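Here is what each chain is made of, one letter per residue.
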Amino acid sequence: MCIEALAAMDYLEMCQHFHTVVLRGVPEIGLGEKGAARFVKFIDTLYDNHVRLVMTADNPPNRLFNKDTIKLSSKDKAALEMLRDDLGLRESDLKTSLFTGEEELFSYLRAESRIHHMLTGSYWSASLENNALLSARQSKEQCVM
């Protein structure tokens, strides 16, 4: 699901049609790994839209993201080197979040926290209530039209 070139709008469309999403076999995800940012966006979109999640993964939610492994393709490494050269940056300049992955790490930690919350009974109960209200509102809007 997250390897394909899908965007937030695609995930939002799914949320409008499904109250529960099942993910099977989610692998450990490394920093910079292909599809990692999409997976985080997918989780954010499900969470923001109160969609329930059923998930099996190689690791528990608090170890789903391997924060010690930065996986960059040779093409990405070359592009990063070129960017550093073009900007005339020194080694000491590379401590910014652009090059350290701090922002990406924060998004992974947020996704882990959200997944953990999405697997709780309180989230499921709130999601059911939210989906019932949304369905009632949609039915009312259809009657008015």
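A few points on the structure. (Residues numbered from 1 in each chain as written. Predicted model: local features only at pLDDT ≥ 70, side-chain atom pairs only at ≥ 80, totals over all residues. Heavy atoms only, no water.)

**As for the overall build of the chain**
In terms of helices and strands, the chain carries six helices and four strands. Beginning at the N terminus, the succession of helices and strands in the chain can be written as α-β-β-α-β-β-α-α-α-α. Residues counted as buried form 29% of the 145 residues belonging to the chain. Residue pairs at least 24 apart in sequence account for 82% of intrachain contacts in the chain once pairs closer than 6 positions are excluded. On the chain, roughly 9,600 Å² of surface is accessible, and the fraction owed to carbon and sulfur atoms is 56%. (Helix = DSSP H or I, 4+ residues; strand = E, 2+ residues; numbered from the N terminus. Buried < 20%, exposed > 50% of the residue type's maximum accessible area, 1.4 Å probe, protein only. Contact = heavy atoms within 4.5 Å. Areas by Shrake-Rupley, 256 points an atom, 1.4 Å probe, with all protein chains shown as cover.)

**Some points on the side chain of Asn-59**
Positionally, Asn-59 belongs in the loop between strand E3 (52–57) and strand E4 (65–70). By relative accessible area, which is 15% here, Asn-59 ends up buried. Within the structure, Asn-59 has its side chain in polar contact with the side chain of Glu-28 (distance 3.0 Å). Here Arg-63 takes part through its backbone oxygen, which lies 3.0 Å from a polar atom of the side chain of Asn-59. Here Asn-59 is in contact with Glu-28 and Leu-64, once residues within four sequence places are set aside. (Polar contact = N/O pair within 3.5 Å; in protein donor to acceptor, adjacent residues only side chain to side chain.)

**So, helix H1 (residues 8–17)**
For H1, every residue scored as buried is listed here: Tyr-11, Met-14 and Cys-15. One side of H1 holds all its buried residues, which, seen down the axis, span an arc of 100°. Of the exposed residues in H1, those oriented more than 90 degrees away from the buried face are Met-9, Gln-16 and His-17. Against helix H2 (36–48) lie the buried residues of H1. (Arc of directions from axis to C-beta.)

**Focus: the environment of Ser-125**
Tracing the backbone shows Ser-125 in helix H6 (residues 121–144). Ser-125 sits in the partly exposed class, given a relative accessible area of 39%. The sequence separation of Ser-125 and Arg-52 amounts to 73 residues, and the corresponding C-alpha distance is 9.6 Å.

**Here we look at the packing of aromatic side chains**
By the definition in use, this model includes four aromatic pairs. Ring geometry for Tyr-47 versus Tyr-123: centroids 5.7 Å apart, planes at 15°, classification stacked. In this pair, Tyr-47 sits in helix H2 while Tyr-123 sits in helix H6, placing the two residues 76 residues apart along the sequence. When its relative accessible area of 4% is taken as the criterion, Tyr-123 is described as buried. (Phe/Tyr/Trp six-rings, centres within 6.5 Å; stacked < 30°, edge-to-face > 60°.)

**Thoughts on unusual backbone geometry**
Of note, the phi angle at His-50 is positive, near 60°, even though the residue is not glycine. Residue placement: His-50 occurs in the loop between H2 and E3.

**Focus on the side chain of Thr-45**
Here Thr-45 shows up in helix H2. When neighbours within four sequence positions are excluded, Thr-45 is seen to be in contact with Ala-8, Tyr-11, Leu-12 and Cys-15.

**A short note on the environment of Ile-29**
Positionally, Ile-29 belongs in strand E2 (residues 29–31). The class for Ile-29 is buried, based on a relative accessible area of 6%. With 36 residues separating them along the chain, Ile-29 and Phe-65 place their C-alpha atoms 4.7 Å apart. Residue contacts for Ile-29: discarding those within four places in its chain leaves Ala-36, Phe-39, Leu-64, Phe-65 and Asn-66.

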